[in-house]
Every structure is written in structure tokens, then in C-alpha cells.
Amino acid sequence: MARTTTKDAQALFQSLRSAYASTPTNLKIIDLYVMFAVFTALIQVAYMAIVGSFPFNSFLSGLLSCVGTAVLAVCLRIQVNKENKEFKDLPPERAFADFVLCNLVLHLVIMNFLG
Amino acid sequence: MGMMSGKLGILKKILTSLPRQSKPSLITTVWSQDSPSQLKNYSLQNPRLVLFSFQNLKFLTLFDFDSHIVLISSFICFADMARNYVRFLALILAISICCEAAIFRPISESHRSAALDLFKPIDGSFSSLEETYEALRTFEVLGIGNKLDISASTCPSVVEVLGSSSSNLKTLFYALRNQRILKCALKEEILKGVSSKLKAAVNSASALPDFYHSIGGLVLIKDQTPEANVLLDDAEGVFRSIKALSQSDGRWRYGSNNPESSTYAAGMAFEALAGVISLAPSEIEQAVVATVKNDVVKLFDSIEKYDDGSLYFDEKIVNGHEHQGPIFVTSSVIRGVTAFAAVASGSLKLPGDDMLGLAKFFLGIGIPGNTKDLFNQGFHAIDSIPSSNCPFIDSERPAQGVSVSSVLGYNTPPLTVTLVQASSSSSKSASIIENQELKFDHDSSFHVLDALPKSVDIGKYLFTFEVVLNDSENEKVYATGGKTQVPIFITGVVKIDSPEIAILDSDLGSIETQKKLDLAGENSVTLSANHLQKLRLSFQLSTPSGKAFKPHQAIIKLRHESNVEHVFLVGNSGKQFEIILDFLGLVEKFYYLSGGYDIQLTVGDAVMENSLLKALGHIELDLPEPPEKAARPPAQPVDPYSRYGPKAEISHIFRTPEKRPPQELSLGFLGLILVPFIGFLVGLLTLGVNLKNFPSSAVPAIFAALFHLGIGAVLLLYVLFWLKLDLFMTLKALGLLGIFLIFVGQRILSHLASTSAKLKSGDLMTDFDPAG
């Protein structure tokens, strides 16, 4: 049984990998960007766990910048994805422009809150 | 007199700066003969001090403004002289302090110098003819007429005024007055013209000032050139018309249509009437003249009085700016009355006291401050009262000096001063000195009292003086007074015998400590006592002639180290003065304060020359502890500047700063943060990211480049915002950059969109291959 589970898991993982390989490159870039943001957020949380949350606002702003930008990137991925029927009529450049604008606003707020 | 003028200066300023009515409470200065440098200032309501010095005893008396120090002499009007030339003469005998507090001084150098100070011509002449005349007349009366030399500048204006036909009566009048003194060169025709103009004015005048000026001018012309034709045609008519303006109370109206009456106008009227009489070609009816004399008497009924006996005239109704003051009014009245009495035949009986009171008024003004006052101070009037005698006491001289001189400083005829009586203030009946004549010392021109009987003891006395003229003929010219009373203190050294201080044991009265004191020298006794004991201080006082003496002040004061003071009066029985402080009863009064007390004794009196205020020594008092409800000692005054000293230091406790992580840890995590970024970049490369979509043609390429640069600029702005900018500046810059970025971004992205659309359709086209 265990062998089949692991084999099943491996088979699942393999099929996921192969399926993922067929995604377009720009989506992969966006995925990579999201991973980067999340990892940064995790490192910040680990740091806070070690030293304490003294300048709490700084911690929050740092964390929220990572999380915010990740969220925005996910939104961009949704809108840009050709297989998504909902955003069929939205040109990807437009989505990208929204992404840039929202990021800029987010980072303004973050910088203000950073202290 | 000269030596006193320096010291006079201070009081002069006080006298002149104070309003007349406040004089009864003036500050007087007392000058002790022993130590002239000790000028003690007393502010006293009714004290009397005049300084004398005698051979054995020193006398101290104080001049009182309220009392009738001034010997009033009776007024004698000399009217029987053949020449019909009347002088009102008064002799005022005033005993005053040689130094400061005299008010009734005769005219002296101080007046003259004041006149010189006040009447200073500007550029050689005065501003108006009136002022010129005042200056000239003042200097003439004071005898310093030669000091003012303005004839060169004033004569031309005088001549011009007299010559012009447009001058009004008042200007002509003053010009003529100036002319009388300056004696400018004038042509005959001018005077003739002026006199005819004035005569015409007299006939047509209806108001009092017009009469006054025109008649006065005619009189002046008559005095200067006796042959001029200035006699009035209808003198009696003019007389009656002036008289018609009089009122029943002796005052005069200014004009027939002016219902207000004025005392000043009365003076003017009298002078005018006197002028009419002198200008009349024939005698005016006596009955008419007599009515005027009645008016004079009635006017004198309205005379007002100050407390010190000086009399003056003043207006009843004061109307604003026209009111000039009592000096002005009084001098006008006196001028008028003297002029009238000079020309009226028959005697003019006026109360003698009135004339002398008026003279006192003028003398009492002191040195007036402004020019009008100085002029009015009766240099007119006093000229009508040319002889007043004021004796002065010279304190420097060992013998009493009573000096007699006239008001204007001139010498007097021979006379004798007698000390009629000297009696003690306390015992009214007995008089010590009777009828002692004062010898006249020719060198110093003082009347001197040589010897004083030995029986005179220290204390307060009343001296009565009388002035009698030697030559009885002079009685008609000069008037001397009756008796003057002067209160006098006679001072001396009071003997203090057997002063001692002792500590006694409670009820038994046994002496624990006894110390003798030397009240003439320094003492510093040290005593100690507890609350069960008593302190006794005793001494004896006696006058030089051995009698018992009770001083005004005999006080002992105990002062604690914390400056709390307690004062006790020393009682006496006969000569013996003694005080016993029973500490048992005084414990509560002393607020239970134990510790060192300084003892101070004060013995003083006005007639005691050796008054003393001495620190006797120190006493340590041991008092019991204060109970719960005991009164606290009163708070002593704190040094008012102590609140400006440094204050207590405040140490601020700052909030302990939060614990920060160690530097290395922070730096390590900084590095760690960068790792995902590097991972991202590596991943990008792995994916094979390229810039193929970057537009190749020029314009879009520029826009694309600008787009990226714009985003980079915004991020840089954020970094700056974090480092040093504030939100407003950031927003401003962000707004500008945003607009730029939107514009550029829209261009490039739309270009890309169109490109990819073309590609898509192209691809579609290429993809769709029917052949396969």
C-alpha cells in the first residue's frame, strides 16, 4: 500500500510537472515572481519571530508589501491567462498597466507606513 | 542770608512745586546746631521748631505753618501828609527758621535770581509787549533793572505801535507802559496822536477794559510829558459811567451787557477811577468819591483767608480758562486800591490786618515758578507796600539773633525787639523771663539776647516778642506789630544714671546675674535664662537741673535669630525707669522660640540731645517645647529676590529604549532577504526570458525606455520618501511623475497591444492553412 501511495504521489507529482511545463512562459514568470514575494514574506516573519516585533509598523509594512505584491501578481496571472474565459476581452497590456499602477500605490502606502 | 540760600534751594523747590492749599502738611527740616550735617526730616502736623542757640543751653524750635508765627503789625494809613501821597506800609515781623522752613521771607537774592532765570529774552526781545512790560517792571522793583538791556530791540516796536493808527487800546496801553520804563525816543506828534486817540476812546467806551486801557494810557502820558493835554473834558461823566458798572458786593462787571462780576474787574475799576480823578480838570464831587470808598470797604469784606493767616482775593465764580488764580486777582485789587487811595483826598480806612494778611500772602508764595506769577506776586502790590520788616534768627551765632529787614530787603529805621515773656508750655502761669530787651549788634545787624537765666530747664516754652520803633515819627510811616508768640523747645543733655540689666530667679527675686551697662559706649552683655526666670532692666533719667524726666520713647526690643521681634515699653516712677520681663508669662507670646535673642534699648525725646538707640547684648532663652496647638511665629518677610535664584533640578526619566537585536543578526537577515530575489532572477534566466517583444522601431522604443525609466523614477522617489522627504513633497512629485508615466505607458502599451493584435490575426491567418 505504501509503495502505491508513494508511487501514486510520485505519479501525481510527475503529471503536475508535465502539465505545468505546458504553461506559457509569461505565466511562469508571474509564478516565479509570486514565489519570490512569498519567500521574502516568510523570511521576514522568521526574523520577527527571532527578534520580537518592536517596530511593529515596520514589520507590518514589510510583510504587507510582499503579500500585496503577490496578490497583485496573482490577479495579473488570472487576467492574462488565455485559458480564462472570463477575461477574454481584456487585453493583457491593460492588465499589466493595472498591475503596475496598483503596485505603485501599494508601495507608496508601504513606504509611508514603514517609518 | 546768602549762606542759607543753598540749603533753601531744596525747600524752595518743595514749596513752589506744591499747590498752595497743601501747605499745612509740608515737610519741614530741622537743623541741629550740634551737627549741622544731620538734617533730620520731620513730617509733622503741628510741631514747632525754630533754631536758636544760646550760651549754655541749646534751644530747638520748629516753625509751624499753621500758627500765627508772624507778628502782624497794625496797618496805618498815612493820609494826613500835606503832599497827599499815601503809602500803605506794613511791618511784618516774622520769626523764621534761619534755614529751611520760612515762608514769610522778604524779597531776597533768591527772588532776584529767579527773576533773572524766568525772564530770559529770546534773541534780545520778548514775545509780546505785555511780557516785556512784566519783565521790565519786575526788574525795576527788584532793583536789578540794569541787568535787562532790551531797549535796542524793543524800542522800535514800541515806537511803531504808538505811531500806527490801527493799534488797539490794549496794545497802546502796554506800549506806553514799556515806554515809561525804557524811555525810548519819541516824537511829540506821536504822543499827541496817541493822546487824542485815547481821549476819543474814553468818551466812546462802554466796557470796563476799554476804560481801563484808555485812562491808564492817558495817565502814563501825563506822567511822562506833563504838558501834554490829556485832561478829560467830562471827567465826572466818565466817573459815573465806570461807577455804574459796580455791584453791591463791591465787585465790578466787565461791561453793561455782561452780567458776570469779577473781583479782578474791581481792581481794574479802582485803578481806572483813580486815573479819572487825577485827569479831572476840576475836583470831582466828594459824595461820588465816597461811594467808591464804600465799594472798596465792601470788597474787602470778601477777602479770603488761608490757615496761616495770609489773606487773598479770589473770584467767586470760576469760568474755565479765564480764571487766573488768586495771585492775579489779589494783585489787581491791591493795585487798584493803592492807586485810588493815592489820589483820593481824605483817608481810606482799611483794616490793618487785611493789608498785612495780603502782604503775607505774597511773601508766602515763595519763589514762584512762572513769569506771570512772579510779576503778579505783587511786585506791583509790594511796591505799594514797600516796607515790611522780617526779623531772622541766625543759628550760627551763639546769641539769639533776631534780624529785622524790610520786605524788599531794604534796611529799617531804628527799632528795638523785646522778649516780653517766656513761659513754659506745661505750666501756663509761671513765666521765666520777663521783659528782656534784645541788644542790637551793629556788626551783624541782629538783635541779640545775651544771657538766659540759669533756672531755665529743658522742655517746651512759649516766647513772646514785641517790636517797637525807636523814633515815634516813623510810626506814621512804618507799622510794627503787636506781640508774636513763638513756641520753642529748649534741649539739653539728659543724665542717665545707674543703668543695669539683671536676671532674677522667679518668685524669690534673687539675682542670678547682674550686669552694669554703659549707655554712652558700646555694650555686649551675654545672658542666659530659662522660662522660669525674669529679666530686669533699670536706669534713672534726670534733667540737667536735676528734675525727673519722662522721655517720649523708652523701649526695649528683643529680636530672635529668626528675626521675630518683641517690643516692650519701659515704665517709670519718678526718675527710676524699670521693666521686668517675666518669661513664664511671655512664653506663649514668644511663640515658644528658644534660642538667642538680641536686646536693644531705645530712649528718645525731642528735647533730649543724647537720645540713644543701643544694642545692649545677647540673651539665650530656654523655653519649653511648643504644644500641639501653639501659635506659629509669624512668617518673616522673605528676600524678594530669592525667587529668581536657581530652582531645584528636575531629572527626567526617559522611557527605556526597546531592546534591539544584535547588529549581526539584522545584517544576516538582510542578506537572507536578498536570497529570494536572486532566486527570482536565476529562475527568470532558467525560463529563458528574453526581450524580443521590445519594440525595435525608434519612436516606440523611446516610449518603452521612458516607461521603464518612469517606473524606476517612482521607485527612486519612494526611496527618497523613506529617507528624507515628507508625504506632501512625495505626493507632489508622484503626481508629476504619475502624469508622465500614464502618458508614456499608455502609448507604449497601446502600441504593444496593437502589435500583438496584428500578430494574432496574422498568426491566425498563418495558422489557418487549408492545405494542411
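This is a predicted model, so every value here is computed, not measured.

1. Topic: the overall build of chain B
Next, step 1: Looking only at helices and strands, chain B has 18 helices and 27 strands in total.
Next, step 2: Buried residues in chain B amount to 47% of all 772 residues.
Next, step 3: Taking as baseline every contact in chain B between residues at least 6 positions apart, the subset at least 24 positions apart corresponds to 67%.
Next, step 4: Element-wise, carbon and sulfur atoms account for 57% of the exposed surface of chain B, whose accessible area totals about 39100 Å².

2. Things to note about a nonpolar patch on the surface
Next, step 1: A surface patch of nonpolar side chains, amounting to about 370 Å² of accessible area, comprises M35, V38, F39 and L42 of chain A.
Next, step 2: Among the structural elements, L42 of chain A can be located in helix 2 (residues 25-51).

3. Regarding the interface of chain A and chain B
As a measure of interface size, the accessible area lost when the parts come together is often cited.
Next, step 1: At the junction of the two partners, chain A supplies 28 residues and chain B supplies 31 residues.
Next, step 2: Roughly 2700 Å² is buried in total at the junction of chain A and chain B, and carbon and sulfur atoms are behind 86% of that figure.
Next, step 3: Its largest share of buried area at the contact with chain B, chain A owes to E93, L108 and M111 of chain A, together 21% of the area lost on that side.
Next, step 4: Counting across the interface, chain A meets chain B through zero salt bridges.
Next, step 5: Summed over the shared surface of chain A and chain B, the result is two residue pairs in polar contact (both at pLDDT 80 or more).
Next, step 6: Elements with a minimum of two residues in the side of chain A that touches chain B: helix 2 and helix 4 (92-114) of chain A.
Next, step 7: A per-element tally of the side of chain A that touches chain B places helix 2 of chain A first, with 14 residues.

4. As for the nonpolar core
Residue and element names in this part refer to chain B.
Next, step 1: Among the nonpolar cores identified, the biggest contains 64 residues, and I215, I242 and W252 are the most heavily contacted of them.
Next, step 2: In terms of residue count, the dominant contributor to this core is helix 9 (residues 263-279) (twelve residues).
Next, step 3: In terms of nonpolar packing, the next biggest core, distinct from the first, is built from 41 residues, L541, F583, F590 and Y597 among them.

5. Points about unusual backbone geometry
Residues and elements named next belong to chain B.
Next, step 1: Unusually for a residue other than glycine, S498 sits at a positive phi of about 40°.
Next, step 2: Its location among the elements puts S498 in strand 18 (residues 495-505).
Next, step 3: S498 gets classed as partly exposed once you look at its relative accessible area, which sits at 40%.
Next, step 4: Residue Y591 is not a glycine yet carries a positive backbone phi of 60°.
Next, step 5: Of note, Y591 is situated in the loop between helix 15 (583-586) and strand 26 (595-604).

6. Overview of the UniProt feature "transmembrane region" (unreviewed entry) in chain A
All names here are of chain A.
Next, step 1: The positions UniProt marks with the feature "transmembrane region" (unreviewed entry) are residues 32-50, 56-76 and 96-114.
Next, step 2: Strand forms 0% of residues 32-50 and helix 100%; the C-alpha atoms that close the span are 27 Å apart.
Next, step 3: In the segment residues 56-76, helix accounts for 100% and strand for 0%; the C-alpha atoms at its two ends are 30 Å apart.

7. A few points about the side chain of H566 of chain B
Next, step 1: Its place among the elements puts H566 of chain B in strand 23 (residues 565-569).
Next, step 2: When residues no more than four places from it in sequence are discounted, the contact partners of H566 of chain B are I556, K557, L558, K589, F590, Y591 and Y597 of chain B.

8. Focus on the confidence of the model for chain A
Next, step 1: Chain-level statistics for chain A give a pLDDT mean of 90 and a share of 98% at 70 or above.
Next, step 2: When pLDDT is averaged over each helix and strand of chain A, the minimum, 86, is found for helix 1 (residues 2-21) of chain A and the maximum, 94, for helix 3 (residues 56-80) of chain A.

9. Here's the deal with the sheet that holds strand 23 of chain B
Residues and elements named next belong to chain B.
Next, step 1: Sheet architecture is open: five strands sit in the order 20-27-26-22-23, paired in mixed fashion. At either end of the open sheet lies a strand with only one pairing partner, and these are strand 20 (525-530) and strand 23. Neighbour-to-neighbour, the strand axes of this sheet turn through a mean angle of 25°, independent of strand direction.
Next, step 2: Pairing geometry for strand 20 and strand 27 (residues 612-622), over six bridges, is parallel.

10. Notes on the pattern of salt bridges
Next, step 1: Inspection of every chain in the model, using the stated rule, returns six salt bridges over all chains.
Next, step 2: Notably, a salt bridge pairs R77 of chain A with D31 of chain A, separated by 2.6 Å at the nearest N-O pair. Here the residue R77 of chain A occupies a position in helix 3, and D31 of chain A occupies one in helix 2, the gap between them amounting to 46 residues.
Next, step 3: Here E500 of chain B ties to R536 of chain B by a salt bridge, and the two come within 3.7 Å at their closest N and O atoms. Placement of E500 of chain B in strand 18 and of R536 of chain B in strand 21 (residues 533-542) is noted, with a sequence separation of 36 residues between them.
Next, step 4: Since its relative accessible area comes to 18%, R536 of chain B is described here as buried.

11. Details of the packing of aromatic side chains
For any pair of aromatic rings, the description rests on two quantities: the centre-to-centre distance and the angle between the ring planes.
Next, step 1: Considering all chains together, one arrives at 14 aromatic pairs over all chains under this definition.
Next, step 2: Taking 4.8 Å as the distance between ring centres and 55° as the angle between the ring planes, the aromatic pair formed by Y47 of chain A and F669 of chain B counts as tilted. You can see Y47 of chain A sitting in helix 2 and its partner F669 of chain B sitting in helix 16 (residues 663-687), one on each of two chains.
Next, step 3: On the accessibility criterion, Y47 of chain A (23% relative accessible area) is partly exposed.

12. Topic: the sheet that holds strand 24 (residues 571-573) of chain B
Residue and element names in this part refer to chain B.
Next, step 1: Ordered in space as 19-18-21-25-24, the five strands form an open sheet in which the pairing is antiparallel. Sheet topology places strand 19 (511-516) and strand 24 at the edges, where each strand pairs with a single neighbour. Averaged over all pairs of adjacent strands, the angle between strand axes in this sheet comes to 25°, irrespective of strand direction.

What counts as what
Residues numbered from 1 in each chain as written. Chains lettered and ligands numbered in written order. Predicted model: local features only at pLDDT ≥ 70, side-chain atom pairs only at ≥ 80, totals over all residues. Heavy atoms only, no water. Helix = DSSP H or I, 4+ residues; strand = E, 2+ residues; numbered from the N terminus. Buried < 20%, exposed > 50% of the residue type's maximum accessible area, 1.4 Å probe, protein only. Contact = heavy atoms within 4.5 Å. Areas by Shrake-Rupley, 256 points an atom, 1.4 Å probe, with all protein chains shown as cover. Patch = residues over 30% accessible without salt bridge, like charges linked within 9 Å, V, L, I, M, F, W, Y side chains within 5 Å. Salt bridge = Lys/Arg side-chain N within 4 Å of Asp/Glu carboxyl O. Buried area = accessible area lost by both parts, 1.4 Å probe. Polar contact = N/O pair within 3.5 Å; in protein donor to acceptor, adjacent residues only side chain to side chain. Core = buried A, V, L, I, M, F, W, Y, C linked by side-chain atoms within 4.5 Å. UniProt positions renumbered as here; feature names shortened; annotations may be inferred. pLDDT = per-residue confidence, 0-100. Pairing = 2+ DSSP bridges. Axes fitted to C-alpha atoms, helices over the stretch in contact; angles between N-to-C directions. Phe/Tyr/Trp six-rings, centres within 6.5 Å; stacked < 30°, edge-to-face > 60°.

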